[in-house]
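Listed below, chain by chain, are the residues.
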Amino acid sequence: MMELLKYTYLLDVKGIRKNIELLWSRYQKILDNKKSSWEDLNEARAILYFIGYLYPERIALHSLASRIKHIEPRISLDRFLRAIDRSDRAILGKYKNNDNFNKLKEFYLAVKDIKNRVKNNAYLDEERFNRFYSKLKPKDYF
Amino acid sequence: MKNIVAGQVTTIKSKKDYYRIRKETVLVARNTHPDLMIAINKIKAMVVEIDNKLCHAAIIAREFNKPILMGVDGATKKFKTGDRVLIDFNNKTIKKLK
């Protein structure tokens, strides 16, 4: 998670993608292993919370909002997100040769890729995680 | 995209509710689930309780050009399936029609 933050500060999309995949692999490994312990499940819970909420909805969003201000010609965050999600040719064409815009675009696509990842018909395999977690949850857990 | 949308609500309490959507509707949910995609063509507008530009509902709304009202606290309790509502996206308001 620290590495992911580091590459986010650097806006190194390759490093960001690599570290997201490392977290996803670890999360899947825990869910795949029937012998995973309560402690392992809580590690999976931390990863799920991080890649499913904290990272995309807080850290990445904040990073996008801060960096979009430096794009010239100016573009709002809403317009930027809509342009990418709608593949708006006019806007994407206008910024085609703008390295900073394209870097932010790649960053957003990496974030969206993990945020929208579906496995076993649930975002981020949440249902499988929830079943496993409930099974191991101690009765006296508070 | 329309600034004002009127329509009949479908409140999503579980993913099974997406499969009950038969006609054009205003979707009301806490957040969205991947099964939303089976009904996406019938969604006139979305109203969700959470408020974040990178939440699933916001991304899907942008991708499919659906108007969305986010951050409506208690929407799934206030609006029941079958209610008729009027949404003003400019003023970010939603009201029940009688």
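Residues numbered from 1 in each chain as written. Chains lettered and ligands numbered in written order. Predicted model: local features only at pLDDT ≥ 70, side-chain atom pairs only at ≥ 80, totals over all residues. Heavy atoms only, no water.

### Considering the packing of aromatic side chains
The geometry of an aromatic ring pair is captured by the separation of the ring centres together with the interplanar angle, meaning the angle of the planes. Residue and element names in this part refer to chain A. Applying the stated rule across the entire model yields 10 aromatic pairs over all chains. Their ring planes at 80° and their centres at 5.3 Å tell us that tryptophan 38 and tyrosine 141 sit as a pair that is edge-to-face. One end of the pair, tryptophan 38, is in helix H3 (residues 38–68); the other, tyrosine 141, is in the segment after helix H7 (126–136), with 103 residues separating them in the sequence. Site record: aromatic cluster; members linked through ring pairs are Trp24, Tyr27, Trp38, Phe129, Tyr133 and Tyr141. We note arginine 117 situated over the ring of tryptophan 24; from NZ or CZ to the ring centre the distance is 5.1 Å. (Phe/Tyr/Trp six-rings, centres within 6.5 Å; stacked < 30°, edge-to-face > 60°. Helix = DSSP H or I, 4+ residues; strand = E, 2+ residues; numbered from the N terminus. Lys NZ or Arg CZ within 6 Å of the ring centre and 35° of its normal.)

### Observations regarding the sheet that holds strand S5 (residues 84–88) of chain B
Residue and element names in this part refer to chain B. The strand order S4-S3-S2-S1-S5-S6 describes an open sheet built from 6 strands, whose pairing is mixed. The sheet is open, and its two borders are formed by strand S4 (68–69) and strand S6 (93–97), each paired with just one other strand. Pairing geometry for strand S1 (residues 4–11) and strand S2 (residues 25–29), over 3 bridges, is parallel. Of the residues in S2, the one forming a bridge with valine 9 is valine 26. (Pairing = 2+ DSSP bridges.)

### A short note on the nonpolar core
Soluble globular proteins: nonpolar side chains tend toward being buried together. In this structure, Tyr55, Leu64, Phe80 and Phe107 of chain A are the most contacted members of the largest nonpolar core, which totals 44 residues. Element by element, the count of residues in this core is highest for H3 of chain A, at 11 residues. In contact with phenylalanine 80 of chain A, not counting residues within four places along its chain, are Leu64, Ile68, Ile75, Phe101, Leu104, Lys105 and Tyr108 of chain A. Judged by nonpolar contacts, the second largest core, of 18 residues, contains Tyr123 of chain A together with Ala29, Val48 and Ala58 of chain B. (Core = buried A, V, L, I, M, F, W, Y, C linked by side-chain atoms within 4.5 Å. Buried < 20%, exposed > 50% of the residue type's maximum accessible area, 1.4 Å probe, protein only. Contact = heavy atoms within 4.5 Å.)

### A short note on the environment of proline 56 of chain A
Examined against the element boundaries, proline 56 of chain A turns out to sit in helix H3. Expressed as a C-alpha distance, the spacing of proline 56 of chain A and tyrosine 108 of chain A, which sit 52 residues apart in the sequence, is 9.0 Å. Residues contacting proline 56 of chain A, with those up to four places away along its chain left out, are Phe50, Ile51, Leu61, Val111 and Lys115 of chain A together with Leu54 of chain B.

### Considerations on unusual backbone geometry
All names here are of chain A. The residue after glutamate 72, namely proline 73, is reached through a cis peptide bond having omega -5°. Summarising the element assignment, proline 73 is placed in the loop between H3 and helix H4 (77–85). Phi at asparagine 120 takes a positive value of approximately 55°, unusual for a residue other than glycine. Of note, asparagine 120 is situated in the loop between strand S1 (118–119) and strand S2 (122–123). In this model, leucine 124 sits at a positive phi of 55°, which is unusual for a non-glycine residue. Inspection of the secondary structure puts leucine 124 in the loop between S2 and H7. Here leucine 124 falls in the buried class, since its relative accessible area comes to 3%.

### A short note on the confidence of the model for chain A
The predicted coordinates of low-pLDDT regions are not to be read in fine detail. Per-residue confidence for chain A gives a mean pLDDT of 96; residues scoring 70 or more make up 100%. When mean pLDDT is compared element by element in chain A, helix H2 (residues 13–32) of chain A scores highest at 98, while S2 of chain A scores lowest at 88. (pLDDT = per-residue confidence, 0-100.)

### Some points on the pattern of salt bridges
Taken as a whole and assessed by the stated rule, the structure comprises 15 salt bridges over all chains. Each of Arg17, Glu21, Asp113 and Arg117 of chain A takes part in salt bridges that share partners, so that together they form one network. (Salt bridge = Lys/Arg side-chain N within 4 Å of Asp/Glu carboxyl O.)

### Some details on the confidence of the model for chain B
This prediction gives chain B a mean pLDDT of 93; 100% of its residues lie at or above 70. Here the predicted complex carries an ipTM of 0.88, next to a pTM of 0.91.

### Comments concerning the interface of chain B and chain A
Opposite the 17 residues of chain B that make contact, chain A presents 21 residues. Roughly 1,800 Å² is buried in total at the junction of chain B and chain A, and carbon and sulfur atoms are behind 52% of that figure. Contact with chain A buries surface across chain B, with Leu54, His56 and Arg62 of chain B losing the most and accounting together for 36% of the total. Here chain B is connected to chain A by 4 salt bridges. (Buried area = accessible area lost by both parts, 1.4 Å probe.)

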